[in-house]
Amino acid sequence: MKASAPAKIILFGEHAVVYKKHALVTAVNLRCYADVRKSSNFKIISPLGTTSLDFEVHPWISFAIKNFSKIKPIEGAEVKIESEIPIASGLGSSAAVTVSVLKALDAEFEAGLTNDDIYEIARQVEIDVQGMGSGTDPFISTLGGMWLVPKRERLKFKDFDILVVDTKEKSITSEMVRKVAELRDKYPDIINPIFDAIDGITLKAVKVLKSEIDKEVNKNELSELIFLNQCLLKAIGVSSIKIDEIVEKLKEKGIAAKLTGAGGGGCVIAIGNIQNVDLENSFIVKPEKEGVRIEQ
Ligand code: MEV
């Protein structure tokens, strides 16, 4: 059986969300596809290579299979992955691969899991692989749509474009989350107020989006909030020279941009006057309503 799950973009609130602050997150129209067939042994085929269960090369898929097997023991499976989501880019490729594999395993082995079960297992996989994390990525990839987390409030929105610029530098979530945790341990009186400020930015952005629900999104105000969020992400050390360069290039064009996801590399995002931007490794995505699904 084949299943797919979407990528996600954190519009506001990454890192602060690890400390229970709000984040505004949307699924986007890039998907990871997992094709799972019963087999007498385990074989995983992906852009990362072909392996058996392998917790080094394919940690997310291997832990997904291991945790699924605790609910429904299986002797083998062939898992084939095709993905439109750039890997280690802050767009939630790890969560999307985990969630799509779990959905395809569930369908192939008739385990009777609900999407809530799939989220819970994917959340456990995040902890197994990464140690720390807010659970936001598997949540969005499972359910689709735009959400205020950790409150779990689903937001209605008028369709809009999001510009994504890929730095082509890897964004390793576990490393960046650990780095921020160390900074917070060292300077709690400085870093906690930054998280409070990010929380305020996220809640303000939600207000703007809600008030504009029937009109064009108020891109000016959102742009200012994007700029502020990026400054605070830089303050906690998760920007990079490449990210700063892209943010500056877009600023010259009058467009506010920020990193998305864990940072240190990965992607920069912008909304607003982005139609004619012609930057290397840039593309447009749209919010996606649908989460994990079976593909016919
Ligand atoms: C990663 O996409 C977002 C972070 O906030 C980590 C997390 O929420 O688990 C950096």
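Residues numbered from 1 in each chain as written. Predicted model: local features only at pLDDT ≥ 70, side-chain atom pairs only at ≥ 80, totals over all residues. Heavy atoms only, no water.

Attention now moves to the overall build of the protein chain. Along the protein chain, the regular secondary structure elements total 8 helices and 12 strands. A globule of 296 residues ought to have a C-alpha radius of gyration of about 19 Å, and the protein chain, at 19 Å, matches this closely. Projected onto its principal axes, the C-alpha coordinates of the protein chain cover approximately 55 × 45 × 35 Å. Per element, the accessible surface of the protein chain, about 13,200 Å² overall, is 49% carbon and sulfur. Where the 39 positive side-chain charges of the protein chain centre and where its 42 negative ones centre are 2 Å apart. (Helix = DSSP H or I, 4+ residues; strand = E, 2+ residues; numbered from the N terminus. Rg over C-alpha atoms; globule rule 2.2 N^0.38 Å. Areas by Shrake-Rupley, 256 points an atom, 1.4 Å probe, with all protein chains shown as cover. Lys, Arg positive; Asp, Glu negative; His and termini not counted. Charge placed at Lys NZ, Arg CZ, Asp CG, Glu CD.)

Our next topic: a nonpolar patch on the surface. Taken together, the side chains of Leu48, Val57 and Ile87 make up a nonpolar region of the molecular surface, amounting to roughly 250 Å² of accessible area. Counting through the fold element by element, isoleucine 87 comes out in the loop between β5 (77–83) and α2 (93–109). On the basis of relative accessibility, which here comes to 46%, the residue isoleucine 87 falls in the partly exposed class. (Patch = residues over 30% accessible without salt bridge, like charges linked within 9 Å, V, L, I, M, F, W, Y side chains within 5 Å. Salt bridge = Lys/Arg side-chain N within 4 Å of Asp/Glu carboxyl O. Buried < 20%, exposed > 50% of the residue type's maximum accessible area, 1.4 Å probe, protein only.)

What follows covers the pairing of strand β3 (residues 42–46). Of the two faces of β3, the one holding Phe42, Ile44 and Ser46 is buried and the one holding Lys43 and Ile45 is not buried anywhere. Of the strand pairs in this sheet, β3 and strand β4 (residues 49–51) are connected by 3 bridges, and their pairing is antiparallel. Its bridge partner lying in β4, isoleucine 45 is registered against threonine 50. Once β3 ends, the chain turns through 2 residues before running back antiparallel as β4. (Pairing = 2+ DSSP bridges.)

On to the domain arrangement of the protein chain, then. Examined at the domain level, the protein chain breaks down into domain 1 (2–153) and domain 2 (162–285). Measuring from the centre of the C-alpha atoms in domain 1 to the corresponding centre in domain 2 gives 24 Å. Between domain 1 and domain 2, the contact holds 28 residues from the first and 41 residues from the second. When domain 1 packs against domain 2, the two sides together hide about 2,700 Å² of surface, and 71% of this comes from carbon and sulfur. Taken together, domain 1 and domain 2 are joined by 3 salt bridges. For glutamate 153, the salt bridge is made with lysine 210, and the minimal N-O distance between the two is 2.7 Å. (Domains from an automatic or database assignment. Contact = heavy atoms within 4.5 Å. Buried area = accessible area lost by both parts, 1.4 Å probe.)

All chains considered together, the criterion is met by 1 cavity of 30 Å³ or more. Looking at the largest cavity, its volume works out to about 40 Å³. The wall of the largest cavity is formed by Leu11, Phe12, Phe160, Leu209, Leu222, Ile226, Ile269 and Ile271. Secondary-structure elements contributing two or more residues to the lining of the largest cavity are β1 (2–12) and α7 (219–235). Per-class residue counts for the lining of the largest cavity are 8 nonpolar, no polar and no charged. (1 Å grid on protein atoms, 1.4 Å probe; cavity = no way out; pocket = protein on both sides within 12 Å on 5 of 7 lines; lining within 4 Å. Points joined across faces, edges and corners; volume = space filled by probe spheres on them. Nonpolar A, V, L, I, M, F, W, Y, C, P; charged D, E, K, R; others polar.)

Moving on, we come to the site of the ligand. As a matter of local geometry, the ligand sits amid Lys8, Ile10, Glu14, His15, Val17, Val18, Gly133, Ser134, Asp137, Val177, Gly261 and Ala262. At 3.1 Å from an oxygen atom of the ligand is found a side-chain nitrogen or oxygen belonging to lysine 8. Serine 134 is positioned such that a nitrogen or oxygen atom in its side chain is 2.5 Å from an oxygen atom of the ligand. Taking 300 Å² as the accessible area of the ligand by itself, protein coverage stands at 99%. Judged by its atoms lying within 2 Å of the grid points, the ligand is housed in the largest pocket. Counted by class, the shell around the ligand contains 5 nonpolar, 4 polar and 3 charged residues. (Near = heavy atom within 4 Å. Polar contact = N/O pair within 3.5 Å; in protein donor to acceptor, adjacent residues only side chain to side chain. Sits in = over half its atoms within 2 Å of the grid points.)

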